[in-house]
Amino acid sequence: MKLQQLRYIVEVVNNDLNVSLTSEKLYTSQPGISKQIKLLEDELGVQIFTRVGKHLSEVTDVGEQIISLAREILNKSNDIKIVAKEYSQPNQGTLTITTTYTQARYTLPVVIQQFMKQYPNITLHMEQGSSPQCLLQAQTGQADFAIVTDLSQLTEDMIALPCYHWNQAVIVMKDHPLAKSSLISIAELSKYPLVSYDFSNDGSDLNQAFNKANQSPNIVFSTTDADLIKTYVKLGVGVGIVAKMAVSQNVDNDFVVLSAGHIFPYSTTYIAFSRSLFLRSYMYDFIQQFSPHLNKSTVDRLILCENNVDVQTMFNGVKLPIR
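Conventions adopted
- Residues numbered from 1 in each chain as written.
- Predicted model: local features only at pLDDT ≥ 70, side-chain atom pairs only at ≥ 80, totals over all residues.
- Heavy atoms only, no water.
- Helix = DSSP H or I, 4+ residues; strand = E, 2+ residues; numbered from the N terminus.
- Buried < 20%, exposed > 50% of the residue type's maximum accessible area, 1.4 Å probe, protein only.
- Contact = heavy atoms within 4.5 Å.
- Areas by Shrake-Rupley, 256 points an atom, 1.4 Å probe, with all protein chains shown as cover.
- Lys, Arg positive; Asp, Glu negative; His and termini not counted.
- Charge placed at Lys NZ, Arg CZ, Asp CG, Glu CD.
- Pairing = 2+ DSSP bridges.
- Axes fitted to C-alpha atoms, helices over the stretch in contact; angles between N-to-C directions.
- 1 Å grid on protein atoms, 1.4 Å probe; cavity = no way out; pocket = protein on both sides within 12 Å on 5 of 7 lines; lining within 4 Å.
- Points joined across faces, edges and corners; volume = space filled by probe spheres on them.
- Parallel < 35°, antiparallel > 145°, perpendicular 65-115°, else oblique.
- Left-handed = near helix turned anticlockwise from the far one by under 90°.
- Nonpolar A, V, L, I, M, F, W, Y, C, P; charged D, E, K, R; others polar.
- Phe/Tyr/Trp six-rings, centres within 6.5 Å; stacked < 30°, edge-to-face > 60°.
- Lys NZ or Arg CZ within 6 Å of the ring centre and 35° of its normal.

Draft legend 1. Fine view of the overall build of the protein chain. Within the protein chain, the regular secondary structure consists of 13 helices and 12 strands. The dimensions of the protein chain, computed from C-alpha atoms along their principal axes, are 75 × 50 × 35 Å. Taking all 323 residues of the protein chain together, 44% fall into the buried category. The long-range share in the protein chain, meaning contacts at least 24 apart out of those at least 6 apart in sequence, stands at 72%. Roughly 17200 Å² of accessible area belongs to the protein chain as shown, and the carbon and sulfur atoms make up 51% of that amount. Separation of charge centres in the protein chain, based on 26 positive and 30 negative side chains, amounts to 6 Å.

Draft legend 2. Here's a closer look at the sheet that holds strand β4 (residues 122–128). Strands sit in the order β4-β3-β5-β12-β6 across an open sheet of five strands; the sheet is mixed. Of all strands in the sheet, those bounded by a partner on one side alone are β4 and β6 (158–166). Here the strands of the sheet are splayed against their neighbours by 20° on average, with no regard to which way each runs. Pairing of β6 with strand β12 (residues 267–274), which is carried by eight bridges, proceeds in the antiparallel orientation. Bridge pairing in β12 places Y164 opposite T269. Set on the sheet, helix α11 (residues 281–290) makes contact with β3 (93–99), β4, β5 (145–148), β6 and β12; between it and β3 the angle comes to about 35°.

Draft legend 3. Seen up close, the pairing of β3. Of all seven residues in β3, five are buried, a share of seventy percent or more. Bridge count for β3 against β4 is seven bridges, and the pairing is parallel. Across the sheet, the residue bridging to T99 is Q128, located in β4.

Draft legend 4. Inspection of the layout of surface pockets at higher detail. Of the volumes computed, that of the largest pocket is approximately 1500 Å³. The wall of the largest pocket is formed by 40 residues, among which N75, N78, T140, G141 and Q142 lie closest to the centre. Contributing elements (two or more residues each) for the lining of the largest pocket: α1 (3–14), α2 (19–26), α4 (61–88), β3, α7 (131–139) and α11. No other element matches the 11 residues that α4 contributes to the lining of the largest pocket.

Draft legend 5. Spatial organisation of the packing of α1 against α2. With their axes 9 Å apart at the nearest point, α1 and α2 run at an angle of 120° to one another. Considering the angle they form, α1 stands oblique to α2. Where α1 crosses over α2, the two elements pack in a sense that is right-handed. The segment α1 lies against α2, with Y8, E11 and V12 engaging V19, T22 and L26. When the residues that make up the contact of α1 with α2 are grouped by side-chain class, the tally is four nonpolar, one polar and one charged.

Draft legend 6. Quick look at the environment of A84. Structurally, A84 can be placed in helix α4. Its relative accessible area of 45% is what places A84 among the partly exposed residues. Distance from A84 to A226, taken between C-alpha atoms, is 42 Å for residues 142 residues apart in sequence.

Draft legend 7. Highlighting unusual backbone geometry. In this model, Y27 sits at a positive phi of 55°, which is unusual for a non-glycine residue. Summarising the element assignment, Y27 is placed in the loop between α2 and α3 (30–44). Positive phi outside glycine occurs at N214, with the angle close to 55°. On the secondary structure map, N214 appears in the loop between α9 (205–212) and β9 (218–222).

Draft legend 8. Here's a closer look at the packing of aromatic side chains. Counted by the stated rule, this structure contains 10 aromatic pairs. Members of the aromatic cluster, each reached through a chain of ring pairs, are F115, Y119, F145, Y164, F273, Y282, F286 and F290. The side chain of K296 reaches across the aromatic face of Y284, ending 4.7 Å from its centre. Lying over the aromatic face of F290, R323 brings its terminal NZ or CZ to 5.8 Å of the ring centre.

Below you can see the structure in the form of structure tokens.
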């Protein structure tokens, strides 16, 4: 049994059993991957994959267990290299962050600037996507950290650490009827076309707020891009619901910004990563720079929690920053 064979079966699964795509990503030949998988199956005496003709069709029950163990072995073998680098090259390496547009645009720039100044020899990569996409990238090792708000796709092989709370704001142009309202309600918002984030997730905070009030929002435009929301509000498309952190008094002085904290519950931003991730010293520093209450000793203590419910319990009574 070779590490290369284990890497092949894991990557084939990561690429939806597409051997051709796997060979392209690994810069090797398709027949070579197929041969090594067959050699591994022959050595073990079981089928890891079922086949239709020459194509892999699904993972067998025993194959699921073998691939799960293969992931652990590959992670541990990679950890050996990382441990060595932590001592031989303590301030060199890579850090890959995947996050949503709002976090990338409004909260991360200052943190990243500070981090790169402290660690000029660390190569930093940033990917952008939806919360489920970000979590999947962190889970599969394509990214180190996922910085997200929606944890609906969080799995127990990952850990999510709460960083800060944030609120929504309602934005309208100065000549809009709501501009003179001192305290808006869900019922008032329901009377107007709305421009906001995606409402398609039934579990979203926005959806829950309208449902709780027995109101139906009239969503005419939705996007993950806060700047686009502001653009379409300016065009008169509708009333904007946007993260409060995305609105600047200096830059966005065309708008009247109405507080919505009494309507929508606050959201929480988390930094999530795989439990198998070996945290290097600069990774601990990034976490603390992004969220000062998450120092190394606190993070190590949280990692020991058996599940994410226990992690959240540790923060009962803790006042997180509000942005």
